[in-house]
Amino acid sequence: VVNTKIVIKRPNLKHITYAVLSILRCVFQKVVIQAVIDFAKEYMKNGKLLEMLKCKKVRWKTSKGNRTTKIRTIFGYITIPQFQIEWLDAKKVWHKMYIVRMILGIEKWKRIPEYTKRVFAMIGALAPYRVVMKILEIMSGVKVPIMDIWRSVQSVGKNIKFDIDRKSTRLNSSHIPLSRMPSSA
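Residues numbered from 1 in each chain as written. Predicted model: local features only at pLDDT ≥ 70, side-chain atom pairs only at ≥ 80, totals over all residues. Heavy atoms only, no water.

Participant: So what about unusual backbone geometry? Which residues, and what values?
Facilitator: As a rule of thumb, non-glycine residues mostly have phi less than zero, and peptide bonds are mostly trans rather than cis. Positive phi outside glycine occurs at K54, with the angle close to 55°. Take K54: it is sitting in the loop between α2 (48-53) and β1 (57-62). Exposure remark for K54: the relative accessible area of 75% places this residue in the exposed category. Residue W109 is not a glycine yet carries a positive backbone phi of 65°. (Helix = DSSP H or I, 4+ residues; strand = E, 2+ residues; numbered from the N terminus. Buried < 20%, exposed > 50% of the residue type's maximum accessible area, 1.4 Å probe, protein only.)

Spelled out as structure tokens, the structure:
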């Protein structure tokens, strides 16, 4: 339950939509935090955290989350408390580590997670970047800088692999093998 007051300026769908969008980030942030807490506890209990870290023993250092990490989502930036664990290596030395990003599958030091980049890139590939900015603002209530969209398109675009099917000579990607092509082709 979110304790945020919804302010509606006028009784029309546009203003009601903006009012709902204004609390989405807060709701999303609370859901992410709860999911991280629940999965961290479950992974500690069932040994999955041991597998992920490739270690023999793990224990909580802090489960309060006094430090935070900030990531961009399609709903804007969210701030998530960092939960720290200690893990024992093969030399019987304890190491400290924050586990929030690992549990969420987000690389260290990355401001924009891969999932968010893919969403920005997908929309960015379909429309001019200024239009994408407006679409994101209308759909999520967040103003995304044009450079974040551009960088996301560039980053995702670098990882796309274009494989050529050597058996097909058609430009329309019908993938008909050469031996089955009509003689008039």
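Participant: I'd like to hear about the pattern of salt bridges, residue by residue, with values.
Facilitator: Per the counting criterion, the structure on display carries six salt bridges. In this structure, R111 engages D148 in a salt bridge whose closest nitrogen and oxygen atoms are separated by 3.0 Å. One end of the pair, R111, is in the loop between α3 (100-104) and α4 (114-126); the other, D148, is in helix α6 (residues 146-158), and 37 residues separate them in sequence. A relative accessible area of 3% means that D148 is categorised as buried. Within the structure, one salt-bridge network assembled from shared partners comprises R72, R111, D148 and R151. (Salt bridge = Lys/Arg side-chain N within 4 Å of Asp/Glu carboxyl O.)

Participant: Let's hear about the nonpolar core: which residues, and what values?
Facilitator: Among the nonpolar cores identified, the biggest contains 20 residues, and L49, L53, V58, I80, I85, W87 and I99 are the most heavily contacted of them. In terms of residue count, the dominant contributor to this core is helix α1 (residues 13-46) (six residues). For V58, the residues in contact, after removing those within four places along its chain, are M44, L49, L50, L53, I85, E86 and W87. Residues V119, I123, V132 and V144 belong to the second largest nonpolar core, which totals nine residues. (Core = buried A, V, L, I, M, F, W, Y, C linked by side-chain atoms within 4.5 Å. Contact = heavy atoms within 4.5 Å.)

Participant: Account for the side chain of R101, with residues named and values stated.
Facilitator: Secondary-structure assignment places R101 in helix α3. Every residue in contact with R101, bar those within four places of it in the chain, is listed here: T69, K70, I71, I106, E107, K108, W109 and K110.

Participant: Describe the sheet that holds strand β4 (residues 84-88), and please don't skip the residues or the numbers.
Facilitator: Judged by pairing direction, the sheet is antiparallel, and its three strands sit side by side in the order β1-β4-β5 without closing on themselves. The sheet terminates laterally at β1 and β5 (94-98), the two strands that pair on one side only. Across the sheet, the axes of successive neighbouring strands diverge by a mean angle of 30°, strand direction being ignored. With five bridges connecting them, β1 and β4 associate as antiparallel partners. When the bridges of β4 are listed, T62 appears paired with Q84. Against the sheet, α1 makes contact with β1 and β4, and its axis sits at roughly 150° relative to β1, the strand it touches most. (Pairing = 2+ DSSP bridges. Axes fitted to C-alpha atoms, helices over the stretch in contact; angles between N-to-C directions.)

Participant: Describe the pairing of strand β2 (residues 68-73), listing the residues and the values that go with them.
Facilitator: In this sheet, strand β3 (residues 76-81) lies alongside β2 in antiparallel orientation, the contact comprising six bridges. Bridge pairing in β3 links T68 to P81. Connecting β2 to the antiparallel partner β3 that follows it, the hairpin turn spans two residues.

Participant: An account of the environment of Q82 is requested, with residue identities and associated values reported.
Facilitator: Among the secondary structure elements, Q82 is positioned in the loop between β3 and β4. Each C-alpha atom of the pair Q82 and R67 lies 5.4 Å from the other, and the pair is 15 residues apart in sequence. In contact with Q82, not counting residues within four places along its chain, are G65, N66, R67, T68, T69, Y98 and V100.

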